[in-house]
Amino acid sequence: MKLKTALALGAGFGALCTYADAFSAEVYSGYTLLRQETKDMQDDDFMNPGMGALARGAAMFTTPNAKGVSCASCHGADGKKLSAKRIAQYPVLDAKSKRPITLQQRVINESSERLGISTLKYESDDALSLEAFVRNIARGQEVNVQTDGAMTPFYEAGKKLYETRSGQLNMACSLCHDNHPGEKLRAQVLSQGQTNGFPLYRLATGKLTGTQTRFNQCFDAFRAKPYPFGSEEYTLLELYANAHGNGLKIETPAVRF
Ligand code: HEC
Ligand code: HEC
């Protein structure tokens, strides 16, 4: 069934479609669906419009606080003392809380706990720039999110959220991104909703866009109420969405329509 018909049918959608197993299909990056000129833009650091935000993140990384300490004091000016392999594992289980923590939340916590700067707001331009700088250190690494062991209940909870219908159109993430990738929806071709390029630059909005802002944009698109940035729900959803892309190469900062 075509997605447009499905959307028109609204609530009857799920009953009419067979559920594709979310993980049986081979994973691919949204990059593969881009027009050649957008691919070229992403691949060339001089043309990639996400690089401006990255430079801003790099500046934040090396700017000292009142005591002369910066992120770079501990992690090196280019951040290369941070492990790229480890960055590719986020969200990870936080040692203290024993709950998953996103990379952006970690960066925000580092800023407040180690530098005493508590002004970074989740999904703000600053937090995104700093997160983009850190995730870019892992560009080319394979996404490798833990889904077993102590992570299992969180992963399952994220999957449930991904498959939960809500809003006026009674849609769920999985209905578009698992059941209809490759199909056209208005001007866009649906991808698998992978997160391996985030934070990424959206040409449509002209902004560096975080994973959770993209979630908001999708919730808006199917007229459902989004969750707050940095909430437990969004952490679980990001955990599931990132794990969905295990094995894909990190592209941060990717370029998308
Ligand atoms: C005083 C030294 C210090 C400063 C300043 C500092 N960090 Fe860290 N950071 C650490 C240490 C030590 C760890 C590892 C701690 C642990 O294992 O939990 C860490 C962990 C991290 C991690 C997680 C890596 C992992 O293993 O999961 C990230 C990302 C990070 N820091 C980014 C930053 C950023 C961004 C800043 C600036 C806002 C910053 N750090 C400031 C010492 C520092
Ligand atoms: C009505 C269909 C629809 C639903 C439902 C939907 N999305 Fe999307 N989503 C889109 C479209 C269209 C795009 C832009 C094209 C693309 O990359 O698929 C998109 C893009 C994305 C992207 C960016 C992919 C990339 O490579 O840049 C992510 C991540 C995403 N969606 C996650 C979600 C999540 C999580 C949910 C559930 C909260 C959701 N989507 C629900 C239609 C949908």
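Residues numbered from 1 in each chain as written. Chains lettered and ligands numbered in written order. Predicted model: local features only at pLDDT ≥ 70, side-chain atom pairs only at ≥ 80, totals over all residues. Heavy atoms only, no water.

Caption draft 1: Expanded view of the coordination of the iron atom of ligand 2. On the protein side, the iron atom of ligand 2 has H177 (NE2) and C218 (SG) as donor atoms, found 2.0 to 2.3 Å from it. Taken together, the six donor atoms surrounding the iron atom of ligand 2 define angles of 87 to 180 degrees at the centre, an arrangement classified as octahedral. Of this pair, H177 sits in helix 10 (residues 173-177) while C218 sits in helix 11 (residues 211-221), and the two are 41 residues apart along the sequence. Take C218: its relative accessible area is 23%, and that puts it in the partly exposed class. (Donors = N, O, S within 2.8 Å, 3.2 Å for Na, K, Ca; no water. Tetrahedral: all angles 85-135°; square planar, octahedral: opposite > 155°, others 65-115°. Helix = DSSP H or I, 4+ residues; strand = E, 2+ residues; numbered from the N terminus. Buried < 20%, exposed > 50% of the residue type's maximum accessible area, 1.4 Å probe, protein only.)

Caption draft 2: Inspection of unusual backbone geometry at higher detail. Each neighbour pair has its own omega, and for F198 with P199 the value is -15 degrees, a cis peptide bond. Along the polypeptide, P199 turns up in the loop between strand 4 (188-189) and strand 5 (200-202). Geometrically, the link from T252 to P253 is a cis peptide bond, its omega value of 0 degrees lying close to zero. Following the sequence through the fold, P253 ends up in the loop between helix 12 (232-244) and strand 7 (255-256).

Caption draft 3: Here's a closer look at the site of ligand 2. Surveying the vicinity of ligand 2 reveals 23 residues, the closest of which are C173, C176, H177, S191 and C218. A distance of 2.8 Å separates a nitrogen atom of ligand 2 from a polar atom in the side chain of H177. Taking R256, its side chain carries an N or O atom lying 3.0 Å from an oxygen atom of ligand 2. Considering only residue class, the shell around ligand 2 consists of 14 nonpolar, seven polar and two charged. (Near = heavy atom within 4 Å. Polar contact = N/O pair within 3.5 Å; in protein donor to acceptor, adjacent residues only side chain to side chain. Nonpolar A, V, L, I, M, F, W, Y, C, P; charged D, E, K, R; others polar.)

Caption draft 4: The sheet that holds strand 5, seen in detail. Strand order across the open sheet formed by three strands is 6-5-7, with mixed pairing between neighbours. Each end of this open sheet is capped by a strand with a single partner; those strands are strand 6 (207-209) and strand 7. Helix-sheet contacts for helix 11 involve strand 5 and strand 6, and the interaxial angle to strand 6 is about 95 degrees. (Pairing = 2+ DSSP bridges. Contact = heavy atoms within 4.5 Å. Axes fitted to C-alpha atoms, helices over the stretch in contact; angles between N-to-C directions.)

Caption draft 5: Focus on the site of ligand 1. In the vicinity of ligand 1 there are 14 residues, among which C71, C74, H75, Y90 and E110 approach most closely. Between an oxygen atom of ligand 1 and a side-chain N or O atom of Y90, the distance comes to 2.5 Å. One nitrogen or oxygen atom from the side chain of E110 is found 2.8 Å from a nitrogen atom belonging to ligand 1. If you list the elements that add at least two residues to the shell around ligand 1, you get helix 5 (71-75) and helix 7 (103-115). If you tally residues by element for the shell around ligand 1, the top one is helix 7, at five residues. Per-class residue counts for the shell around ligand 1 are seven nonpolar, three polar and four charged.

Caption draft 6: Broad picture of the coordination of the iron atom of ligand 1. Distances from the iron atom of ligand 1 to its protein donors, H75 (NE2) and E110 (OE), fall within 1.9 to 2.0 Å. What the six donor atoms of the iron atom of ligand 1 show is an angle range of 88 to 179 degrees at the metal, which sorts the shape as octahedral. Placement of the pair is H75 in helix 5 and E110 in helix 7, with a sequence separation of 35 residues.

Caption draft 7: The arrangement of the environment of G182 in detail. Relative to the helices and strands, G182 resides in the loop between helix 10 and strand 3 (184-185). Look at G182 and you get partly exposed, because its relative accessible area is 45%. For the pair G182 and L203, spaced 21 residues apart in sequence, the C-alpha separation works out to 20 Å.

Caption draft 8: Geometry of the domain arrangement of the protein. The domains assigned to the protein are domain 1 (3-43 + 144-256) and domain 2 (51-136). Using only C-alpha atoms to locate each centre, domain 1 and domain 2 end up separated by 24 Å. At the interface, 29 residues of domain 1 touch 22 residues of domain 2. Approximately 2100 Å² of surface area, both sides summed, lies buried where domain 1 meets domain 2, with 62% of it carried by carbon and sulfur atoms. The tally of links between domain 1 and domain 2 comes to one salt bridge. Applying the counting criterion to the domain 1 and domain 2 interface returns eight residue pairs in polar contact (both at pLDDT 80 or more). Listing elements by their share of the side of domain 1 that touches domain 2, those giving two or more residues are strand 6, helix 11 and helix 12. A per-element tally of the side of domain 1 that touches domain 2 places helix 12 first, with six residues. (Domains from an automatic or database assignment. Buried area = accessible area lost by both parts, 1.4 Å probe. Salt bridge = Lys/Arg side-chain N within 4 Å of Asp/Glu carboxyl O.)

Caption draft 9: Looking closely at helix 9 (residues 152-163). In a regular helix each residue adds 1.5 Å, so twelve residues correspond to 16 Å; helix 9 covers 17 Å between its end C-alpha atoms and thus fits that length. Of the positions making up helix 9, those classed as buried are F154, Y155, G158, L161 and Y162. The buried residues of helix 9 occupy an angular sector of 120 degrees when the element is viewed end-on, so they sit on one face. Exposed side chains of helix 9 directed beyond 90 degrees from the buried face belong to P153 and K160. Tucked into the core, helix 9 has its buried residues touching strand 1 (92-93), strand 2 (100-101), helix 10 and helix 12. (Expected span 1.5 Å × (residues − 1). Arc of directions from axis to C-beta.)

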